[in-house]
Amino acid sequence: MYSCLRDNCCPLQTLSGSRHSPPLRLLFVGDSLLSEPPAKSLSSFYCDLNKENGDGNDSDNEKRIVWILASSGLEEYLYNINSIVPDYVFIPISAEAGIASKTKEYIGVALSLRRPIVFMLTRTELTRESEYKATLNTIEKMVVKWMRKEMVLLNTESTTDGTMKRISKGTIVPVATVPPSGDITSLRKLVNALEPSHRDLNEKSPCEVWITRQWSAAEEQVTCEGIVKMGKLQVNKYLRIGPLDSQFYTIVVRKMSTYKGSVESADAGERVIFTADLVKGKRIREERQKVIAMEKLNKQKLVQEFDAEVAMLTQEAIKAGQSFTVFSGNVHTTVTIQEIECELHSQGDRGIAKCKFSGLEYIEVGEKLFLVNDRVVAIGVITKAYQ
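From a predicted model like this one, the values you see are computed outputs, not experimental measurements.

### As for the pairing of strand S15 (residues 271-278)
Step number 1: For S15, the tally of buried residues reaches 7 of 8 residues, placing the bulk of the element in the interior.
Step number 2: Taken together, the 7 bridges between strand S9 (residues 221-230) and S15 define a ladder with antiparallel strand orientation. Pairing of Glu 225 across the sheet is with Ile 273, part of S15.
Step number 3: Strand direction decides the pairing type here: strand S12 (residues 247-258) and S15, joined by 6 bridges, are antiparallel. Opposite Val 252, over in S15, you have Asp 277 as the bridge partner.

Pasting the structure below:
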């Protein structure tokens, strides 16, 4: 049996039974499975995942926690894939229209961040056999050329234990057909067999929580929803949260909940909602959504100016004075190009750019970043932070 947590759920659902498999984070491009007509919404998909197995067995060893995040646009997709760090990215491809340019953009972002991809082939009922085969051939060429992996088309015969293990290990890329009838048996079996693709969360480090949204519960309280990126979050733990109003506030956690319900602690990798008191009776005026709460504030990561090595993904020029929306880790804000060693004009051009945030942000050297202006203009990596 599956239990699903939606990205916008508040509070988190309380689940019964013990957890035998680690939580699985799935990021879907779009807010439906796009199998029109009729459209099969993700809400229906959650319900399908919650159905019991065919034998009606509902034993504890079948319970699974699945977080499903829907990204309806490029910016939401970039934020989710950078901050939430999904285990797998589900990308729909129309069998009728083939791979659109926007879809290639989503695929490129997932590949650059080394996130495993599952393709969902939709609108198969409207497609002639020749078009269907042509789309499959295009996907296979892309998988072999870009990903240097093997493609497998999921069906009743291919969903063997051996195939599922290879998918979880990332040695093959699955393509799941979404029929108009809404039968997602093979997709359910795939999700059931998938294992979390990232286990690099440091549970022994000082606690750090990436906040996806926060709001004031009272004048001297704040409620936050986010993911524990490292360490362990505990009730009565003191944290520094920010940047808010260009500063960090000291808070003390009073209560929290995860998929287990009300808890006293949450481990690295778990999603959590917690309420905290502000120390010294202060009040946060800025209800900014993308912030960080941490046990120990590393001031070396708190910067306004930095250098980044960027590579062009489009023909749009990058030059000094331009402003872009930037995504890097939990940061989603505006950045201005102050200096650049040479103007970048063509796809594939590379250069070092000196960038400046509008205010202080918490970043780390070595993190990847995306410069966006309606589309992803460039991808880069932070090489230097100025104090």
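### Comments concerning the pattern of salt bridges
Step number 1: Scanning the entire structure with this criterion turns up 11 salt bridges.
Step number 2: Note that Glu 129 and Lys 133 form a salt bridge whose closest N and O atoms lie 3.2 Å from each other. Pair noted here: Glu 129 and Lys 133 are both in helix H4 (residues 129-147), with a separation of 4 residues, about one helical turn.
Step number 3: The exposure class of Glu 129 is exposed, given its relative accessible area of 57%.
Step number 4: Among the residues examined, Lys 133 registers a relative accessible area of 46% and is labelled partly exposed.
Step number 5: A salt bridge links Arg 271 to Glu 225; its shortest N-O distance comes to 2.6 Å. On the criterion of sequence distance, the pair formed by Arg 271 in strand S15 and Glu 225 in strand S9 is long-range, its members being 46 residues apart. Of the two residues, Arg 271 and Glu 225, both sit in the buried class.
Step number 6: Here the salt bridges share partners, and the residues they tie into one network are Arg 213, Glu 225 and Arg 271.

### Quick look at the side chain of Thr 103
Step number 1: Tracing the sequence through the fold places Thr 103 in helix H3 (residues 101-112).
Step number 2: Taking relative accessible area as the criterion, Thr 103 reaches 12% and is therefore assigned buried.
Step number 3: Here Thr 103 is in contact with Ile 91, Pro 92 and Ile 93, once residues within four sequence places are set aside.

Here is what the cut-offs are and how they apply
Residues numbered from 1 in each chain as written. Predicted model: local features only at pLDDT ≥ 70, side-chain atom pairs only at ≥ 80, totals over all residues. Heavy atoms only, no water. Buried < 20%, exposed > 50% of the residue type's maximum accessible area, 1.4 Å probe, protein only. Helix = DSSP H or I, 4+ residues; strand = E, 2+ residues; numbered from the N terminus. Pairing = 2+ DSSP bridges. Salt bridge = Lys/Arg side-chain N within 4 Å of Asp/Glu carboxyl O. Contact = heavy atoms within 4.5 Å.

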